[in-house]
Amino acid sequence: MCGIVGAVRREEGVLGALIEGLRVLEYRGYDSSGVAVIKDGRMLVRKKEGRLENLEAALQDGALEGASIGIGHTRWATHGEPSDRNAHPHQGRSGRVALIHNGIFENYLELREELLADGVEFLSETDTEIVAHLIDREMAQGLSLPDAVRAALRRVQGHYAVAVIAEDEPETPLVCARQGPPLVVAATPNAAYLASDVLGLLPHTNKVVYLEDGDVAVLGAGTLQVTDFAGQKVEREEHQIDWKPGDSGLGGWPHYMLKEIHEQPDVLARTTLERMDLDKGDVVIEGGQFGNEAMRAVQRIQVLACGTALHAGMIGRYLIEGLARVPVDVDFASEFRYRNPVLTAGTMALAISQSGETADTLAATRLAKELGAQVACICNSAGSTQVREADEVLLTHAGPEIGVASTKAFTAQVAACVLLAIRLGRAKGTLSADRARELLHGLRNLREQIEHLLSEPVREHIRSLAKQHARAKGFFFLGRGVNFPVALEGALKLKEISYMHAEGYAAGEMKHGPIALIDPGMTIVAVNAPGVVADKVRSNIEQVKSRGGVALSVGSHQGSHKIAGQCIEVPETDEWLSPILNSIPLQLLSYYIADLRGCDIDKPRNLAKSVTVE
Ligand code: F6R
């Protein structure tokens, strides 16, 4: 989704900081970019369709150098095609005001009519431009920039984060406001910064303030003041961020996705090791979270998530029902929020999210809370909205994930689900200390097993399989039981980054229809692990093979490997932990296929990293 940055500095030279910030936020996905600065009292704007390089080329004349106030934006089009005209910043009629925006102004059509009647001429097709005109009009009537922003925003409906600058406002150079999508602000002794994502602030400081919905922040060089939309001062706590600026660099890897796949041995260790109590055969979450009393009160769990995080939640359902005997429902957050759901007493809503800012997941969780659920979350972003709004928090500690296709965040979410299932099972007495210890030992061994899966010979083998299958007509990923969601995730990964058609399916369901699609052009990737459904999956592989499909077996089930003919051998682990190991070769397979097809792996077309609109 759109990236927002802004800076005001006592010393000159804000343009470099804006471009650096936009570069850091590139991973969120965008189709155009732009900056506005105030130099010598004049507003100067440059914006360009396409990659940031196009904007940098447009800045080569040096006209914007030396300004000490500015805002920058990467746009992910919602209203109006990607173009120079529709790129942000947008200006009001007088040219005094420039505004950047993430989100949607829902009542923009009626405001547009009003402004047209007022003689305003629109230069773009965006909803954003309307608000630039509204602010401009308020300022023309004598309001200061912060008051004009508050007055304009009181007229709009929707979800948005905005940042605004205006000429002739030396006292209040930079104003931003939040109603939905995230905004983070920070003041240092001689400057102040804002960004839509904490990574955008890390090059300058690790002490940040997360704005809440309804906040308006006024930033000066070294100052920061937060008010509500009525202008009343509000206090917001400063948070210290553990991530370092270097964490979000490529560090010599060709793609973030490959870098992040290789971080998984360490990530899994960070998610799990310090939370294991091997003496007691239990899991201890920091700050007494997920304690016995709270867990014993849980009668049902409602998982709410989107995309990859939803797949982690589906694995969580098998784990929690299997180990803790608590019934679990899993729903797309975007469906849950509009289906008038019924929640029974004792329900814990469990949101799973890498970013903690996904609009659908946040809305669904808020609805569950309204309906009386206790709210827990598994999340990777410590200061995110999801974390701040939850009663119980389990952080995955995967570090910043930049690749649009989620990899390390997913396996960390699954590991967190294992921890939660053990904690619940122990609190409820459905899981013995010995069985919990077996699982914890299994988790501890994962690091070495993942390292093996990432070793050169295994990677080479996967790369050679990728070569054989990169031109397949289509893919089916099949799995059953706890590995069914792994198949869904394998298919999602492949389609996201290689643009090949891939479907994830419950292996036992193939014979009820989709098997009609099987022919020699189709590749069937079957995920299997020794356990209750292993032999069933093997028969399902036989069914597709006998109809001409080309089968590739992934996992540690020798019978499946034999039937399939081609295989990726995965080290053996407890069946409940097998989704973590089985996911890793699927990530690599997608990566290599996408690479062979010449796809832009870290910036797949049409995708955004953090989906902060509905
Ligand atoms: C796919 C992917 C998305 C996200 C989804 C939820 O690789 O990354 O499907 O999983 O948009 O995002 P978060 O986890 O940030 O809520």
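Our subject is the structure listed above.
Residues numbered from 1 in each chain as written. Predicted model: local features only at pLDDT ≥ 70, side-chain atom pairs only at ≥ 80, totals over all residues. Heavy atoms only, no water.

Novice: I tried to follow the site of the ligand on my own but got confused; where do I start?
Specialist: Among the 13 residues in the neighbourhood of the ligand, the closest are listed as Ser353, Gln354, Ser355, Thr358 and Lys493. Between an oxygen atom of the ligand and a main-chain N or O atom of valine 404, the distance comes to 3.4 Å. One nitrogen or oxygen atom from the main chain of serine 406 is found 2.9 Å from an oxygen atom belonging to the ligand. Within the complex, the protein chains bury 89% of what would otherwise be the 410 Å² of accessible surface of the ligand. If you map the ligand onto the pockets, it falls in the second largest pocket. Element by element, the count of residues in the shell around the ligand is highest for helix 9 (residues 307-324), at three residues. Counted by class, the shell around the ligand contains four nonpolar, seven polar and two charged residues. (Near = heavy atom within 4 Å. Polar contact = N/O pair within 3.5 Å; in protein donor to acceptor, adjacent residues only side chain to side chain. Areas by Shrake-Rupley, 256 points an atom, 1.4 Å probe, with all protein chains shown as cover. 1 Å grid on protein atoms, 1.4 Å probe; cavity = no way out; pocket = protein on both sides within 12 Å on 5 of 7 lines; lining within 4 Å. Sits in = over half its atoms within 2 Å of the grid points. Helix = DSSP H or I, 4+ residues; strand = E, 2+ residues; numbered from the N terminus. Nonpolar A, V, L, I, M, F, W, Y, C, P; charged D, E, K, R; others polar.)

Novice: Which parts of the structure should I look at to understand the pairing of strand 19 (residues 347-353)?
Specialist: One face of the sheet, then the other: side chains in a regular strand alternate in exactly this way. With seven of seven residues buried, strand 19 lies mostly within the body of the structure. By the alternation rule, side chains of strand 19 split into Thr347, Ala349, Ala351 and Ser353 and Met348, Leu350 and Ile352, which are all buried. Where strand 17 (residues 300-305) meets strand 19, five bridges bridge the pair, whose relative direction is parallel. Each residue of the ladder has a partner; that of arginine 300, found in strand 19, is threonine 347. For the handedness criterion, the β-α-β arrangement of strand 19, helix 11 (residues 359-370) and strand 20 (residues 374-379) is classed as right-handed. (Buried < 20%, exposed > 50% of the residue type's maximum accessible area, 1.4 Å probe, protein only. Pairing = 2+ DSSP bridges. Right-handed = clockwise from strand over helix to strand, strands pointing away.)

Novice: Even after reading the chapter, I still don't get the nonpolar core, so can you show me in this structure?
Specialist: Generally speaking, nonpolar side chains in soluble globular proteins are found buried as a group. If you look at the biggest cluster of nonpolar residues, it comprises 92 residues, and the most contacted ones within it are Ile301, Ile320, Leu420, Leu424, Leu443, Phe475 and Phe477. No other element matches helix 13 (residues 408-428), which puts 13 residues into this core. Counting residues in hydrophobic clusters, the runner-up holds 34 residues, among them Val14, Tyr27, Leu201 and Trp243. (Core = buried A, V, L, I, M, F, W, Y, C linked by side-chain atoms within 4.5 Å.)

Novice: Before we go on, may I ask you to explain empty space enclosed by the protein in this structure?
Specialist: To find leftover empty space, one rolls a probe the size of a water molecule over the atoms. Counting across every chain of the model gives four cavities of 30 Å³ or more. Volume-wise, the largest cavity comes out at about 90 Å³. If one sorts the elements of the lining of the largest cavity by residue count, strand 6 (residues 97-105) sits on top with three residues. Within the lining of the largest cavity, the residues separate by chemical class into four nonpolar, eight polar and two charged. (Points joined across faces, edges and corners; volume = space filled by probe spheres on them.)

Novice: What exactly am I supposed to notice about the sheet that holds strand 26 (residues 566-569) here?
Specialist: Strand pairing in a sheet relies on backbone hydrogen bonds, with the paired strands running either antiparallel or parallel. One open sheet holds the five strands; their spatial order is 23-22-24-25-26, and the pairing between them is parallel. Bordering the open sheet on either side are strand 23 (502-506) and strand 26, each of which pairs with just one other strand. Strand after strand, the sheet turns through a mean of 20° between neighbouring axes, direction not considered. In the sheet, strand 25 (residues 550-555) pairs with strand 26 via four bridges, with the strands oriented parallel. Looking across to strand 26, one finds that valine 554 is bridged to isoleucine 568. Lying on the sheet, helix 15 (residues 456-469) is in contact with strand 22 (474-479), strand 24 (522-528), strand 25 and strand 26; it crosses strand 26 at an angle near 150°. (Axes fitted to C-alpha atoms, helices over the stretch in contact; angles between N-to-C directions. Contact = heavy atoms within 4.5 Å.)

Novice: For this particular structure, what's the right way to read the sheet that holds strand 21 (residues 392-395)?
Specialist: Spatial ordering of the open sheet is given by 18-17-19-20-21, a layout of five strands whose pairing is parallel. At either end of the open sheet lies a strand with only one pairing partner, and these are strand 18 (328-332) and strand 21. Recorded for the sheet is a direction-independent mean angle of 20° between the axes of neighbouring strands. Pairing geometry for strand 19 and strand 20, over six bridges, is parallel. In the strand pairing of strand 20, alanine 351 is matched with cysteine 377. In the packing of helix 9 onto the sheet, contacts are made with strand 17, strand 18 and strand 19, and the angle to strand 18 comes to roughly 170°. Together, strand 17, strand 19 and strand 20 form the strand contacts of helix 11, whose direction differs from that of strand 17 by roughly 155°.

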